[in-house]
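# Chain and residue survey
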Amino acid sequence: MRILFFILINIFILTTYANASQVQSKQALIKKANKKDVQAMIELNKIYLFPQTKEGVDFYTKWYDLVLKSKDTKDIIAFANVYGKYQDMFSDGIKNYIVLLNKAIKLGNKEAVYMLIDTYVTTEQVLEEVTNNKELKKIFDDAIKSAKEQRLIDLYTKYLLDTKTTSYERLLRARLTSKLIKQLNFKAPNLDKLLELDTLYNTYDMKKVKEKADEIYALDDYNLLVVTADFFYGKYKADEGKKFYEKALKIDNTDVTKLDDTKAISYYYNKAKIYEAIQAYKTTQNEDLIVGFLQKAALLDSYDATKELLEIYLKNVKYKDAYLALEKKLLKLNESKRALADYLFNNRDKEKAMKILNELAKKGNENAMIELAIKPFKKKSTSPFSSGDTYGYYDPDVAVVNRKWQKIILNSNKPYLISKLRNAIGKSPILYKEYTKLREEIETKEIKEKNILTLRDLYEQNKINNNKLARNYLNQAIKLGDVKSGLILAQADKIEKNKKPGGKEYFIAKMYESGMFGKIDNRKAMYYYKASAKLGYPLAYMTLGIYYRQTLDHAIAIDYFKKCVALGEGVCYAYMAKYYEEGYIQILKRDMNKALEYYKKSYELDKNKDVAKYIAKIYEIGKGSVTSDSELAKQWYEKANIEKAK
């Protein structure tokens, strides 16, 4: 029966895709694009990943002027998104992206305003470019004047509730949004009170923290209560966080019928997470509540909610009937149906799972296609001593399906789908090794297409184990005209020349942090910063100290700054001076004389005028044990080149 099933699956694959509809050729789309067909330009990106190639960069650069003359805001925004996605492929990628959105705004497209704001707040490179470029700053400020107060508050709320980002990122994005709200002269929203709470927490003044927390608790603001609860859970104050969650649940009057499916999924999923966070699942009643919210999100086609729901069902036999009823409904959906297939594949019925994935693939679900191409074809061990997959013990029937789908994808004439397969293989060290031949075949195909991003990726993959090969890939990208690859190579040369212990690791960290390897990767950056610090590199100590100060882990920050001070870094002296000036309970006693000593040492090393100005202010007004001294204040204002010195 099993053999017959997999024979039928293979016949199904061949008959379904043998005569698959052909996509338009690249040349046909280029011809249309040259005639101002913006949809053809978008299809070239969607199907052929055209902006990733040298040829594509040249064409999109030419088409930019054509699109800028368009009056169709949807076309302008769609084209702008290409520049937004591939900012570093174009010499003026960020600028052109902002100019295009600004054009759409001037033509009356209101959504473009919030797209621009969202990109500014969430994309580090855009924030930096707008901040440091007066021309872009003026364009940005003019463009956002039409923003509405409530929409900005909605963005503010979204950033604070985004659990896929770190606490530091959430608060940073919230602060940037709050600044824009004030810039536009709107009333400060209640959510600002969380930022005030965060600032107070930074001072370790627990009395003021409690007062601010009580002020927030007294407000019947659901979103504010939820983000405050998240804040306290992040500080390991579960009891305090639980109190805020419980009040939020009591006052919640959200009308879900007014939400679109995406927002409704987020609402139900977050409600389930709240109940889990306050450990309500310890009682049967509240576990049922969690199940209820997850089920509502699952039936709106949420893969993540379905996955978590099925895991709960698996652990408790009482949900058997509920599972059977849910399965019938999930089979009518898309991503939730795929979650069901994954659940069946891993726990109950591999044959049924493969059948479901094939049905989804037939309807165009690309995630299902990728899964069918690389789904683990190792059987789970039946040994009582094994806790997982036993590699080397193959399931040949599933392996046959894998190979069929790999062939279909490779012959699909859809570079984006082929690239998606390569990326999926690259995410897992096991798959990366297991599918070496397939991966290399795809890489060869993409290099032949002169795909610059593939060449950058291959540099990153090989730079540690085979530096010569890695540099060869970068040189190929440089020959294709990729400026960023030239910058990466220049940075790599700088790393090679840095002979100080930890220097190489520090510069690799900086490259990951700045996105020099194709995208920003803060996790890898942190790994290399810590590796550099272990080798005693002073700038790594400084960077880590600043990071942990921002995340309010002051004991760790102070430890790094002390090590940095011992190596004579002026910036670290300034940070330690600030700590001595503020004082932190159980970490560092307040000592203004020590603070002044460290500020002066910082100035002696770096001649930083801001530090001189700060010392002058201390002498001007007097602070703590340091008495006011107008003559010394005048001397330090002179060093800072400030008018008050006269």
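Parameters at a glance
Residues numbered from 1 in each chain as written. Predicted model: local features only at pLDDT ≥ 70, side-chain atom pairs only at ≥ 80, totals over all residues. Heavy atoms only, no water. Helix = DSSP H or I, 4+ residues; strand = E, 2+ residues; numbered from the N terminus. Buried < 20%, exposed > 50% of the residue type's maximum accessible area, 1.4 Å probe, protein only. Contact = heavy atoms within 4.5 Å. Areas by Shrake-Rupley, 256 points an atom, 1.4 Å probe, with all protein chains shown as cover. Salt bridge = Lys/Arg side-chain N within 4 Å of Asp/Glu carboxyl O. Disulfide = S-S within 2.5 Å. Arc of directions from axis to C-beta. Axes fitted to C-alpha atoms, helices over the stretch in contact; angles between N-to-C directions. Parallel < 35°, antiparallel > 145°, perpendicular 65-115°, else oblique. Left-handed = near helix turned anticlockwise from the far one by under 90°. Patch = residues over 30% accessible without salt bridge, like charges linked within 9 Å, V, L, I, M, F, W, Y side chains within 5 Å. Lys, Arg positive; Asp, Glu negative; His and termini not counted. Charge placed at Lys NZ, Arg CZ, Asp CG, Glu CD. pLDDT = per-residue confidence, 0-100. Polar contact = N/O pair within 3.5 Å; in protein donor to acceptor, adjacent residues only side chain to side chain. Expected span 1.5 Å × (residues − 1). Phe/Tyr/Trp six-rings, centres within 6.5 Å; stacked < 30°, edge-to-face > 60°. Nonpolar A, V, L, I, M, F, W, Y, C, P; charged D, E, K, R; others polar.

A count of helical and extended segments in the protein gives 37 helices and 2 strands. Burial statistics for the protein: of 646 residues in total, 47% are counted as buried. Residue pairs at least 24 apart in sequence account for 57% of intrachain contacts in the protein once pairs closer than 6 positions are excluded. Per element, the accessible surface of the protein, about 34,200 Å² overall, is 51% carbon and sulfur.

Quick look at the pattern of salt bridges now. Oppositely charged side chains can form a pair if their charged atoms are brought close together. For the structure on display, the rule yields 36 salt bridges. As a salt-bridge pair, lysine 26 and glutamate 449 come within 3.2 Å of each other at their nearest N and O atoms. Of this pair, lysine 26 sits in helix H2 (residues 26-33) while glutamate 449 sits in the loop between helix H26 (436-448) and helix H27 (452-462); the two residues are 423 residues apart in sequence, bridging distant segments of the chain. Assessed through its relative accessible area of 19%, lysine 26 is described here as buried. The shortest N-O distance in the salt bridge between lysine 212 and glutamate 215 comes to 3.0 Å. In this pair, lysine 212 and glutamate 215 both sit in helix H13 (residues 206-217), 3 residues apart, roughly one turn of the helix. On the accessibility criterion, lysine 212 (12% relative accessible area) is buried. The class for glutamate 215 is partly exposed, based on a relative accessible area of 32%.

Turning our attention to the state of the cysteines. Linking two cysteines covalently through their sulfur atoms gives a disulfide. Counting across every chain of the model gives 1 disulfide. Put simply, cysteine 564 and cysteine 572 are joined by a disulfide, and their sulfur atoms are 2.0 Å apart. Across the disulfide from cysteine 564 to cysteine 572, rotation about the S-S bond amounts to roughly 70 degrees, and the bridge is consequently right-handed. The pair formed by cysteine 564 and cysteine 572 is uniform in burial state, with each residue classed as buried.

Along H2, the residues classified as buried are Lys26, Leu29, Ile30 and Ala33. Taken around the axis of H2, the buried residues stretch over an arc of 105 degrees, which confines them to a single face. In this structure, H2 carries Gln27 and Lys31 as exposed residues pointing more than 90 degrees from its buried face. Tucked into the core, H2 has its buried residues touching helix H3 (38-48) and helix H4 (54-68).

Next up on the list: the environment of isoleucine 374. Along the chain, isoleucine 374 turns up in helix H22 (residues 366-374). The exposure class of isoleucine 374 is buried, given its relative accessible area of 10%. Sequence-wise, isoleucine 374 and alanine 399 are 25 residues apart; in three dimensions their C-alpha atoms are separated by 8.7 Å. Discounting residues that sit within four places of it in the chain, isoleucine 374 has contacts with Asn402, Leu421, Ala424, Ile425, Leu431 and Tyr435.

With that settled, the discussion passes to the packing of helix H20 (residues 335-347) against helix H21 (residues 350-362). Where H20 meets H21, the closest approach of the two axes is 7 Å, and the angle between their N-to-C directions is 155 degrees. Relative to H21, the element H20 lies roughly antiparallel. Judged by the twist between their axes, the crossing of H20 over H21 is left-handed. On H21, the residues that touch Lys337, Arg338, Leu340, Ala341, Leu344 and Phe345 of H20 are Lys350, Lys352, Ala353, Met354, Ile356, Leu357, Glu359 and Leu360.

Another point: a negative patch on the surface. Taken together, the side chains of Asp92, Glu124, Glu128 and Glu129 make up a negatively charged region of the molecular surface. Mapped onto the elements of the fold, aspartate 92 is located in the loop between helix H5 (73-85) and helix H6 (93-106).

For the rest of this paragraph, the subject is the confidence of the model for the protein. Taken residue by residue, the protein gives an average pLDDT of 85. The fraction at 70 or more is 89%. Note on residues 378-393: pLDDT under 50 across the span, and 21 contacts to partners over four residues away in sequence or across chains.

Attention now goes to the side chain of aspartate 482. Assignment of secondary structure puts aspartate 482 in the loop between helix H28 (467-479) and helix H29 (483-497). The buried category is assigned to aspartate 482, whose relative accessible area is 5%. Side chain to side chain, aspartate 482 and arginine 456 meet in a polar contact 2.9 Å long.

Helix length check: H21, at 13 residues, gives a terminal C-alpha distance of 18 Å against a target of 18 Å (1.5 Å per residue), a fit within 8%. All of the buried residues along H21 are Lys350, Ala353, Met354, Ile356, Leu357, Asn358, Leu360 and Ala361. Structurally, the start of H21 carries an N-cap: the backbone nitrogen of glutamate 351 is 3.3 Å from a side-chain oxygen of aspartate 349. Within two residues after H21, glycine 364 carries a phi angle of roughly 95 degrees, on the positive side.

For glutamate 446, the location among the structural elements is in helix H26. When its relative accessible area of 6% is taken as the criterion, glutamate 446 is described as buried. Among the polar contacts listed, one links the side chain of glutamate 446 to the side chain of threonine 454, at a separation of 2.8 Å. With residues up to four places along the chain from it excluded, the contact list for glutamate 446 reads Ile418, Ser419, Arg422, Asn451 and Thr454.

Time to look at the environment of phenylalanine 90. As for its position among the elements, phenylalanine 90 is in the loop between H5 and H6. Taking the C-alpha atoms as reference points, phenylalanine 90 and tyrosine 60, separated by 30 residues in sequence, lie 9.0 Å from one another. If near-sequence neighbours (up to four positions away) are discounted, phenylalanine 90 is found in contact with Pro51, Val57, Tyr60, Thr61 and Tyr83.

Within a pair of aromatic rings, the relevant descriptors are the distance that separates the centres and the angle that separates the planes. Across all of its chains, the model carries 32 aromatic pairs by this definition. When the ring of tyrosine 201 is compared with that of phenylalanine 231, the centres are 5.6 Å apart and the planes differ by 85 degrees; the resulting orientation is edge-to-face. Pair noted here: tyrosine 201 is in helix H12 (residues 192-201) and phenylalanine 231 is in helix H14 (residues 222-234), with a separation of 30 residues, a long-range link. By the burial criterion, tyrosine 201 is buried, and phenylalanine 231 matches it.

To continue, consider the packing of H27 against H28. Relative orientation of the contacting elements H27 and H28 amounts to 165 degrees, with a least axis distance of 8 Å. Taken together, the axes of H27 and H28 lie roughly antiparallel to each other. Relative to H28, the crossing made by H27 is left-handed. Where H27 abuts H28, its residues Ile452, Leu455, Leu458, Tyr459 and Asn462 lie against Asn467, Leu469, Ala470, Arg471, Tyr473, Leu474, Gln476 and Ala477. Looking at the contact of H27 with H28, its residues break down into 9 nonpolar, 3 polar and 1 charged.

Right, let's talk about unusual backbone geometry for a bit. As a rule of thumb, non-glycine residues mostly have phi less than zero, and peptide bonds are mostly trans rather than cis. Not every positive phi belongs to a glycine, and aspartate 301 is a case in point at roughly 80 degrees. Locating aspartate 301 in the fold gives a position in the loop between helix H17 (284-298) and helix H18 (303-315). For lysine 450, which is not glycine, the phi dihedral falls at a positive 60 degrees. By secondary structure assignment, the location of lysine 450 is in the loop between H26 and H27.

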